[in-house]
Amino acid sequence: MSLRWRRMPEGRQKDARSERRSFLHPDLRLYSHKHLRTATSNFRPLNEIGHGGFGSVFKGKLRDGSVVAIKVLSAQSRQGEREFVAEIDTLSNITHENLLKLRGFCAHGSFRALVYDYMDNSSLAKILLGLPRTDLQVRFKFNWKSRREILRGIANGLAYLHEEIKPSIVHRDIKASNILLDRDLTPKISDFGLAKLFPDSVTHVSTRVAGTLGYLAPEYAIRGQLTPKSDIYSYGVLMLEIISGRCATDFSIATDEPYLVEKAWNLYNAGKLEMMADATLEGEFPVEEVVLFMKVGLLCVQANPSLRPTMIEVVKMLNKTIETGDIQVEEPAQITDFIALKVGTGRMSKNTGSSTVTTSSQSTSEIF
């Protein structure tokens with residue numbers, strides 16, 4: 001016996017679309033599955049520009065000629081259409097210069113996709129940390145001024161999510177690949193708020209640890225305890241990466257110090273933080289300012305979450321409206337401290353820290 005799919009009458013389809021549009025943010029567009037399929041040449045693999053815990057991202061060109069990034073959400077994100085649309089409408093109201101703006105979405109049967117503006121200059125991971133050197137790295141010279149403004153921009157975006165959104169949003173996966181750059185190198189934080197689209201996510205303690213090894217705060221990696229201080233730890237690691245031009249974890253033969261946080265802590269104790277500066281800067285940077293930013297990064301990765309500053313305090317430190325001279329830095333939670341711990345069963349590959357972690361519950365999460 002063959003199965004036949006019953007197509008909703010055209011009139012009812014229009015009524016359903018009108019109902020969805022009636023309560024959506026006026027700037028949020030509802031795209032059809034056919035429209036996005038055409039824009040990406042049927043989601044052609046060559047058009048895939050990224051892949052992560054929430055799904056795959058495709059570059060597409062819409063009928064009006066605009067270029068977009070289309071994030072096709074993974075199967076684990078499936079939920080009722082009405083609930084999905086309500087969450088998307090909430091996300092569309094979150095706007096800030098340093099957050100990636102949601103342009104529209106598609107909810108077609110079980111298919112779910114989000115549409116964003118395409119960022120001309122890719123991500124920090126590809127431009128600054130890409131190995132081997134990419135065309136983008138050759139095209140841009142990341143001087144100290146560029147890095148300083150990128151760090152301040154990311155801090156401003158996170159402070160907005162933590163302090164100005166009610167209820168606040170904890171990103172859960174701050175890392176270089178989730179920081180996109182527009183044509184003016186203004187940083188845009190991507191993937192914020194998407195955890196709410198997944199049925200196993202919660203606001204405070206999650207048994208599903210989502211994040212990237214090297215950026216994970218220990219209280220989150222080990223106990224699944226998720227708070228804004230988890231994001232602050234990840235931001236601190238990202239700060240060290242942007243200043244040094246090195247990945248958080250580097251197991252290549254070329255380095256005998258694979259853990260960036262550990263290296264920064266050792267140089268701090270030796271009073272030589274300026275040595276963390278990227279060699280490609282060729283010494284063209286204000287030493288005091290680089291040391292200040294490095295110290296703020298180390299404050300963010302302290303083992304005790306209560307000692308880490310809030311993102312508002314980080315913004316003030318980077319803008320030099322809070323003095324850091326008398327603030328003592330306590331020992332950070334170094335990644336080596338908890339890689340070896342038996343957190344369920346965990347395994348780590350020896351490339352750039354790609355790992356699978358199992359928490360003490362029965363839930364397992366891929367880490368990208």
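Structure shown above.
To keep things clear, this report deals only with the structure shown in the data block. (Residues numbered from 1 in each chain as written. Predicted model: local features only at pLDDT ≥ 70, side-chain atom pairs only at ≥ 80, totals over all residues. Heavy atoms only, no water.)

1. Regarding the overall build of the protein chain
- When you go through the protein chain residue by residue, the secondary structure sums to twelve helices and eleven strands.
- A buried classification covers 54% of the 368 residues belonging to the protein chain.
- In the structure as shown, the protein chain presents an accessible area of about 18,300 Å², 51% of it carried by carbon and sulfur atoms. (Helix = DSSP H or I, 4+ residues; strand = E, 2+ residues; numbered from the N terminus. Buried < 20%, exposed > 50% of the residue type's maximum accessible area, 1.4 Å probe, protein only. Areas by Shrake-Rupley, 256 points an atom, 1.4 Å probe, with all protein chains shown as cover.)

2. Some remarks on the packing of helix H8 (residues 228–244) against helix H10 (residues 287–300)
- The geometry of H8 relative to H10 is characterised by a closest axis approach of 7 Å and an angle of 150° between their N-to-C directions. When the axes of H8 and H10 are compared, the pair comes out roughly antiparallel. With respect to the hand of their crossing, H8 and H10 are arranged in left-handed fashion. Between H8 and H10, the contacting residues are Ile232, Tyr233, Tyr235, Gly236, Met239, Leu240 and Ile243 on the first element and Val290, Phe293, Met294, Val296, Gly297 and Cys300 on the second.
- For the contact of H8 with H10, the class distribution of residues is eleven nonpolar, two polar and no charged. (Axes fitted to C-alpha atoms, helices over the stretch in contact; angles between N-to-C directions. Parallel < 35°, antiparallel > 145°, perpendicular 65-115°, else oblique. Left-handed = near helix turned anticlockwise from the far one by under 90°. Contact = heavy atoms within 4.5 Å. Nonpolar A, V, L, I, M, F, W, Y, C, P; charged D, E, K, R; others polar.)

3. Section: the nonpolar core
- By size, the foremost hydrophobic cluster in this structure holds 87 residues, and its most contacted members are Leu114, Leu124, Ile154 and Tyr235.
- Membership of the second largest hydrophobic core comes to 13 residues, among which are Tyr31, Ala39, Ile70 and Phe111. (Core = buried A, V, L, I, M, F, W, Y, C linked by side-chain atoms within 4.5 Å.)

4. Notes on a positive patch on the surface
- A grouping of Arg29, Lys34, Arg37 and Arg63 is seen on the molecular surface, where their side chains present a positively charged patch.
- By secondary structure assignment, the location of Arg29 is in strand S1 (residues 29–30). (Patch = residues over 30% accessible without salt bridge, like charges linked within 9 Å, V, L, I, M, F, W, Y side chains within 5 Å. Salt bridge = Lys/Arg side-chain N within 4 Å of Asp/Glu carboxyl O. Lys, Arg positive; Asp, Glu negative; His and termini not counted. Charge placed at Lys NZ, Arg CZ, Asp CG, Glu CD.)

5. Observations concerning the side chain of Gln302
- Among the secondary structure elements, Gln302 is positioned in the loop between H10 and helix H11 (311–318).
- Ignoring anything within four residues of it in the chain, the contact list for Gln302 reads Leu307, Arg308, Gln328, Val329, Glu330, Glu331, Pro332 and Ala333.

6. Let's talk about unusual backbone geometry
- Of note, the bond from Lys166 into Pro167 is cis; its omega dihedral lies within 30 degrees of zero at -5°.
- Assignment of secondary structure puts Pro167 in the loop between helix H6 (144–164) and strand S7 (179–181).
- A positive phi angle, near 65°, is found at Leu185, a position not held by glycine.
- The buried category is assigned to Leu185, whose relative accessible area is 19%.

7. Details of the packing of aromatic side chains
- Per the stated rule, a full pass over the model turns up five aromatic pairs.
- Centre to centre, the rings of Phe43 and Phe111 are 5.7 Å apart; their planes meet at 50°, and the pair counts as tilted. Taken as a pair, Phe43 in the loop between helix H2 (33–39) and strand S2 (48–52) and Phe111 in strand S6 (residues 111–117) lie far apart in primary sequence, 68 residues in all.
- An angle of 75° between the planes, with centres 5.4 Å apart, marks the rings of Trp144 and Phe293 as edge-to-face. One end of the pair, Trp144, is in helix H6; the other, Phe293, is in helix H10, and 149 residues separate them in sequence.
- Judged by relative accessible area, Trp144 falls into the buried class, the value being 4%.
- For Phe293, a relative accessible area of 0% gives the class buried.
- Linked through ring pairs, Phe43, Phe58 and Phe111 together constitute an aromatic cluster.
- The ring of Phe84 has Arg112 sitting right over it, with the charged end atom 5.1 Å from the ring centre. (Phe/Tyr/Trp six-rings, centres within 6.5 Å; stacked < 30°, edge-to-face > 60°. Lys NZ or Arg CZ within 6 Å of the ring centre and 35° of its normal.)

8. Considering the environment of Asp117
- Considering the arrangement of structural elements, one finds Asp117 in strand S6.
- Exposure remark for Asp117: the relative accessible area of 33% places this residue in the partly exposed category.
- Note: C-alpha distance between Asp117 and Val67 (50 residues apart in sequence) is 6.9 Å.
- In this structure, Asp117 is in contact with Val67, Val68, Ala69, Leu100, Lys101 and Arg103, ignoring residues within four places of it in sequence.
- A distance of 3.0 Å separates the side chain of Asp117 from the side chain of Arg103, its partner in a polar contact. (Polar contact = N/O pair within 3.5 Å; in protein donor to acceptor, adjacent residues only side chain to side chain.)

9. What about the packing of H6 against H8?
- It is at 11 Å that the axes of H6 and H8 come closest, and there the two elements cross at 175°. Between H6 and H8, the angle is such that the two are roughly antiparallel. Note on element contacts: H8 touches H6 through Pro228, Asp231, Ile232, Tyr235, Leu238, Met239, Ile242 and Ile243, opposite Trp144, Arg147, Ile150, Leu151, Ile154, Ala155, Leu158 and His162.
- Here the residues of the contact of H6 with H8 are counted per class, giving 13 nonpolar, one polar and two charged.

10. Here's the deal with the sheet that holds S1
- Ordered by their spatial adjacency, six strands build an open sheet running S1-S5-S6-S4-S3-S2, and the pairing between neighbours is mixed. With partners counted over all chains shown, the strands left at the sheet margins are S1 and S2, one partner each.
- Two elements, strand S4 (residues 67–73) and S6, share five bridges in a ladder whose sense is antiparallel. Considered in S6, the bridge of Ala69 is made with Tyr116.
- Together, S4, strand S5 (102–108) and S6 form the strand contacts of helix H3 (residues 81–92), whose direction differs from that of S5 by roughly 180°. (Pairing = 2+ DSSP bridges.)

11. Quick notes on the pattern of salt bridges
- Tallied over the full model, the rule gives eleven salt bridges.
- A salt bridge links Asp117 to Arg103; its shortest N-O distance comes to 3.0 Å. Placement of the pair is Asp117 in strand S6 and Arg103 in strand S5, with a sequence separation of 14 residues.
- For Arg103, a relative accessible area of 22% puts it in the partly exposed group.
- One salt bridge in this structure joins Glu289 and Arg148, with 3.2 Å as the shortest N-O distance. Within this pair, whereas Glu289 is found in helix H10, its partner Arg148 is found in helix H6, the two being separated by 141 residues in sequence. Comparing Glu289 with Arg148, the two get one shared label, buried.

Read these as spatial facts, not as claims about activity.
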